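# Tertiary structure, described
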Amino acid sequence: MLLERERQLQDLQRLASRVSSGAGGMALVLGEAGIGKSSLLQAFAAPLKGEFFVLQGACEDLSTPRVLGPLRDFAPALGADVVSTIDNAASPDILMPMLLGHLAAQPRPVLVMCEDLHWADQATLDLLKYLARRIADQHIMLLASARNDELPPDHAFWRWAGDLPPASTQRLDLPPLSPDAVATLARDTDCDPCELYRVTGGNPFFLSELLTDCSRDPGHLPASVRDAVWARTSRLEAEVRTVLELVSVSPVALEERLLETLLGDDGHDVIDASVDSGLLQRASPGLLSFRHELARQAVLSGLRPGATRALHKRLCKALTEQAPAHARIELARLVHHATGAQDAHMVLQLAPRAARQAARLGAHRQAAAHLASALQFVDAVGWTGEAAQLYEDWAYEAGLLRIDERLIEARQKAIALWQSVERPDKVGLNLRWLARTHWYRGEAKEAERYGLEAIRTLEQLPNSKELAMAYSMRSQHQLLQDHPASAIEWGRLALELATALDDHDTRVHALTNIGSAKLFLGDDSGQQDLAEGLQCALEQHLHEHAARIYSNWVEFSVVFKQFALAERLLAEGLAYHCEHELDAWVHYLTGWQAQLHLDKGEFAQAAALARQVLALPDLSLVMRLPALTVLGRTLSRQGGQDAVRCLQEALQWARATGESQRLLPVLLALTEAAWQVQDLESCRRWLGEIGQFDLSGVNAWDLAEVGAWRRRVAVAARPDGEQAAAAPPPRAAEAAGNGQAACDNWLALGLPFEAALALLDLPGDAAAQAMPKAVALLEQIGAAPAAALARQRARACGAQAQLPKSRRGPYAAAREHPSGLTRREAQVLELLLDGLSNLEIAQRLCRSERTVEHHVSTLLGKLGATTRLDLLRRSPAPLHKI
């Protein structure tokens, strides 16, 4: 009986009607485990099977998710060419258009159902997103379900859901059943409806299991679904329990032929009895699964470790021995059972293959998980080089997700093992990667030491791709040390060798170094190098190299105030990084997105994005330091209490690196903060520390900013040509004493704070004329300390009467809220997170729907989100009940 799902069923039927007319779309059914998602999907799909071509697949809770699991389930219905394309691990560029073509060519409308996307691999999510964006004018309907109670806010699913086209995507949330519905279901039993509702919370699966148990034993109410399932299984025949146990260790629907082989002559009858028990079902012809995933988990949890290993071993053997000659067994499935069986030999044989397949499809998280499974049995390898390769491969895949101590340990183990089998080429390769890992952690000395050691090791051998990349890594290190000329020299050496060896990998890396160095030297031809490198990286599916190009290019465009270019590259880069599970690069770009908002005077958005990065676990210094600096400078401009603490913490981290490129932004931020409160002694102290750096390789914009602060606090420029580089136009106008021209230049570039400061530098009568505009600019963006200083200078030069009326600035609640939300905005956000629509929020707060739409739009900006769904997956700093 399907209760209290009439509205959702009608929504799906309306969507199906539009699809029949050629307006394709997608529906996403969300709810907690056991809430009835599968029942709703089946009730909707059953009447359509004559009118629609129905394809059904699901994701499973494997130790590592199946790559393209749902597509593998229904691929045979689309033809042998689709199956072959998947089995051969074709690239997404081939597979995705092919699948869309098959679906669009069907003579009937198509319904594609994918269940349990909370267990989906990245390749599956990418495929569904690709289809969702291209079916608006097709007779195709996508219907997916997922648990929303098990996914943290930073889970890849929410990023994916936020990227779906809003115009053609519906979200259907399934709430728990009401007490009235529970009473209806319990009407013919002896169970107490109130107690049932209290124990189950209205979860339909809990209810169905408890009601079944209650009907057999009216006086007993289990405290949990696990107990209910155990009670049911305890009353079954031993042979039936064996079937349940075998099926429980397989998250994927299990083939009946395998079970019949394992169970012997009476296997078919026992399987029928297990289906009759109500716990199992024939998901499709020849496949057996639990009716509810929670029931499978309950049975599995009751097994002893030894019994679990034995069951995995039986299934692993049956899968390998009984597979049809024409069929390929999914590697992920075999790895799951081999790991469960603790079969070291099979895991070591299959997991690396599964990892390579997942990586080719862009599922790097799954690739790392497969290799981690293999490393559990690394002591059982027969050859030392095999163990070294496992550590090396895992470090690469895991390094695309996060940078931590485990990566360094894995690289060091790989180096030691390769040394023991006299493979200097492999030693050099891992030394080079070790250097890069230390750089990510802000450990410049270690990075340089290992980088040079890699070059010395590899130069003892014939020219190789490993040596070419070591040269390129040296080029990158020089670039990061603000030695762009040296970076170009090493980069060209690497590029020459890479070209001779036809080494695309190093060629792209070297072009990135050369192009970035040129740009920061003011040579705009570097953009051509980056564009060439990006094109090659995309064509060759070099995910990390493409990510690095996007990141370097964004950094240049923000530092050099080319904001339109920055916004375009940020959009492209973030989409690419998310699509290919390049989490570490996502965080890095988010930090530069925060800097962009800071420069544009959008302080709430800058602070929200910086906090979003800083809230991440195991954050490398390269990711943490820029975000901390942006947050400190933002709070300083707002007059926030934590500004100095953030900047002092950033300074501590920057000093630990010993790199001027890390210290300079922090010291400039500290100088600005001290100047805003007219602590000129501190200003001179921070500028004095900057004066100890070698600034010869610093870009023109940063160098000109140093000069601007020296003029403001009357510190003489260094006599060694510190200002040799041509200053950018607004800084040049400031240096020439033309504050009004500088202001106009800054505003044209989109930097209102800098524009106001240029006016504050004006002397005498010019200052009296300029102060009203400076005050207006600063108060408009909420830069309270600088605005107060501007008003003070206006009074000093007798221009107070011309000042705009004093703005009260952000409400107290907005100043106190970590994301700068007002009291009303915080209320709207809280109701939005509860799932209310704009109309429902308007009714709750007694406001117009248009007013609520305005608040939601403001929330999107302040929290750095792009859609309502993106807001739902983000976890802003704790909501204040204000």
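Now for a quick tour of the structure.

Conventions adopted
- Residues numbered from 1 in each chain as written.
- Predicted model: local features only at pLDDT ≥ 70, side-chain atom pairs only at ≥ 80, totals over all residues.
- Heavy atoms only, no water.
- Helix = DSSP H or I, 4+ residues; strand = E, 2+ residues; numbered from the N terminus.
- Rg over C-alpha atoms; globule rule 2.2 N^0.38 Å.
- Buried < 20%, exposed > 50% of the residue type's maximum accessible area, 1.4 Å probe, protein only.
- Contact = heavy atoms within 4.5 Å.
- Areas by Shrake-Rupley, 256 points an atom, 1.4 Å probe, with all protein chains shown as cover.
- Salt bridge = Lys/Arg side-chain N within 4 Å of Asp/Glu carboxyl O.
- Patch = residues over 30% accessible without salt bridge, like charges linked within 9 Å, V, L, I, M, F, W, Y side chains within 5 Å.
- Lys, Arg positive; Asp, Glu negative; His and termini not counted.
- Charge placed at Lys NZ, Arg CZ, Asp CG, Glu CD.
- Disulfide = S-S within 2.5 Å.
- Expected span 1.5 Å × (residues − 1).
- Bend = angle between axes of the 7 residues up to and from the residue.
- Pairing = 2+ DSSP bridges.
- Axes fitted to C-alpha atoms, helices over the stretch in contact; angles between N-to-C directions.
- Core = buried A, V, L, I, M, F, W, Y, C linked by side-chain atoms within 4.5 Å.
- Parallel < 35°, antiparallel > 145°, perpendicular 65-115°, else oblique.
- Left-handed = near helix turned anticlockwise from the far one by under 90°.
- Polar contact = N/O pair within 3.5 Å; in protein donor to acceptor, adjacent residues only side chain to side chain.
- Arc of directions from axis to C-beta.

## A closer look at the overall build of the chain
The helix and strand tally for the chain stands at 46 helices and eight strands. Rg of the C-alpha trace for the chain: 31 Å, near the compact-globule value of 29 Å for 882 residues, within the 12% margin. Within the chain, the fraction of its 882 residues that count as buried is 57%. Restricting to contacts in the chain with at least 6 residues of sequence separation, those with at least 24 account for 65%. Accessible surface for the chain amounts to roughly 36700 Å². Of this, 50% is attributable to carbon and sulfur atoms.

## Details of the pattern of salt bridges
A full pass over the atoms with the stated rule returns 43 salt bridges. Across the salt bridge formed by Arg 624 and Glu 649, the nearest N and O atoms sit 3.0 Å from each other. Linking Arg 624 in helix H32 (residues 621-638) with Glu 649 in helix H33 (residues 643-657), this pair joins segments that are 25 residues apart in sequence. You can call Arg 624 partly exposed: its relative accessible area is 22%. Residue Glu 672 is joined to Arg 637 by a salt bridge in which the shortest nitrogen-to-oxygen separation is 2.8 Å.

## A closer look at a negative patch on the surface
Taken together, Glu 237, Glu 239, Asp 265, Asp 266 and Asp 269 make up a surface patch of like negative charges. Mapped onto the elements of the fold, Glu 237 is located in the loop between helix H11 (225-234) and helix H12 (238-248).

## Some remarks on the state of the cysteines
A full pass over the atoms with the stated rule returns zero disulfides. For Cys 114, which is in no disulfide, the shortest distance to another cysteine sulfur is to Cys 59 and amounts to 6.8 Å. Cysteine Cys 797 remains unbridged, with the sulfur of Cys 743 as its closest cysteine sulfur at 16 Å.

## A closer look at helix H18 (residues 344-360)
The end-to-end C-alpha distance of H18, which contains 17 residues, comes to 25 Å, matching closely the 24 Å that a straight helix rising 1.5 Å per residue would cover. Taken as a whole, H18 carries its principal kink of about 25° at Leu 350; the proline Pro 352 stands between one and four residues after it. Counting buried positions along H18 gives twelve out of 17 residues, so the element sits mostly inside the fold. Taken together, the buried positions of H18 are Ala 344, Met 346, Val 347, Leu 348, Leu 350, Ala 351, Pro 352, Ala 354, Ala 355, Gln 357, Ala 358 and Ala 359. Where H18 ends, the next residue or the one after it, Gly 362, has phi of about 85°, a positive value.

## Considering the sheet that holds strand S7 (residues 280-284)
Judged by pairing direction, the sheet is antiparallel, and its three strands sit side by side in the order S6-S8-S7 without closing on themselves. The outermost strands of the open sheet, each flanked by one partner alone, are strand S6 (254-255) and S7. The strands touched by H12 are S6, S7 and strand S8 (287-290); relative to S8, the strand with the most contacts, the crossing angle is about 90°.

## Section: unusual backbone geometry
At Gln 342, a position not held by glycine, the phi torsion is positive, near 60°. By the element assignment, Gln 342 lies in the loop between helix H17 (331-340) and H18.

## Some words on the nonpolar core
Formed by 206 residues in total, the largest nonpolar core has its most connected members in Leu 103, Leu 117, Phe 157, Trp 160, Trp 553, Ile 690 and Leu 778. For Phe 157, the contacting residues outside a window of four places in its chain are Leu 28, Leu 30, Leu 117, Leu 125, Ala 146 and Leu 151. Among the nonpolar cores identified, the runner-up in size contains 22 residues, and Val 243, Leu 246, Val 249 and Val 275 belong to it.

## Focus on the sheet that holds strand S1 (residues 25-31)
An order of S2-S3-S4-S1-S5 is seen for the five strands of this open sheet, with the pairing classed as parallel. Taken across any chain shown, the strands that pair with only one partner, and hence form the sheet edges, are strand S2 (53-58) and strand S5 (169-173). Here the strands of the sheet are splayed against their neighbours by 15° on average, with no regard to which way each runs. Across five bridges, the pairing between S1 and S5 is parallel. Its bridge partner being in S5, Leu 28 is matched across the sheet by Arg 171. Where helix H2 (residues 37-45) meets the sheet, its contacts fall on S1, S2, strand S3 (110-115) and strand S4 (140-147), and the angle it forms with S3 comes to roughly 165°.

## Quick look at the packing of helix H13 (residues 256-263) against helix H16 (residues 305-322)
Helix packing for two helices is described by the angle between their axes and how far apart those axes are. Between H13 and H16, the least distance of the axes is 10 Å, while the angle of their chain directions is 115°. As summarised for this structure, H13 and H16 are arranged roughly perpendicular, according to the angle between their axes. As for the relative orientation of H13 and H16, their crossing is right-handed in sense. Of H16, the residues touching H13 (which contributes Arg 257, Leu 258, Thr 261 and Leu 262) are Arg 314, Leu 315, Ala 318, Leu 319 and Gln 322.

## Some thoughts on the environment of His 509
In this fold, His 509 is placed in helix H26 (residues 504-520). Accessibility expressed as a relative area gives 0% for His 509, which makes it buried. Along the backbone, His 509 and Ala 104 are 405 residues apart, and their C-alpha atoms lie at a distance of 40 Å. Once you skip the residues sitting within four places of it in the chain, His 509 turns out to touch Arg 436, Met 469, Ser 472, Met 473, Gln 476, His 545 and Arg 548. Of the polar contacts made by the side chain of His 509, one reaches the side chain of Ser 472; its length is 2.6 Å. A polar side-chain atom of His 509 sits 3.2 Å from a polar atom in the side chain of Gln 476.

## Some points on helix H4 (residues 80-87)
Every buried residue of H4 is listed here: Val 82, Thr 85 and Ile 86. In an axial view of H4, the angular spread of the buried residues amounts to 95°, which keeps them on one side of the axis. Lining the buried residues of H4 we find helix H3 (69-78) and helix H5 (92-104). With its phi angle positive at about 55°, Ala 89 sits one or two positions after the end of H4.

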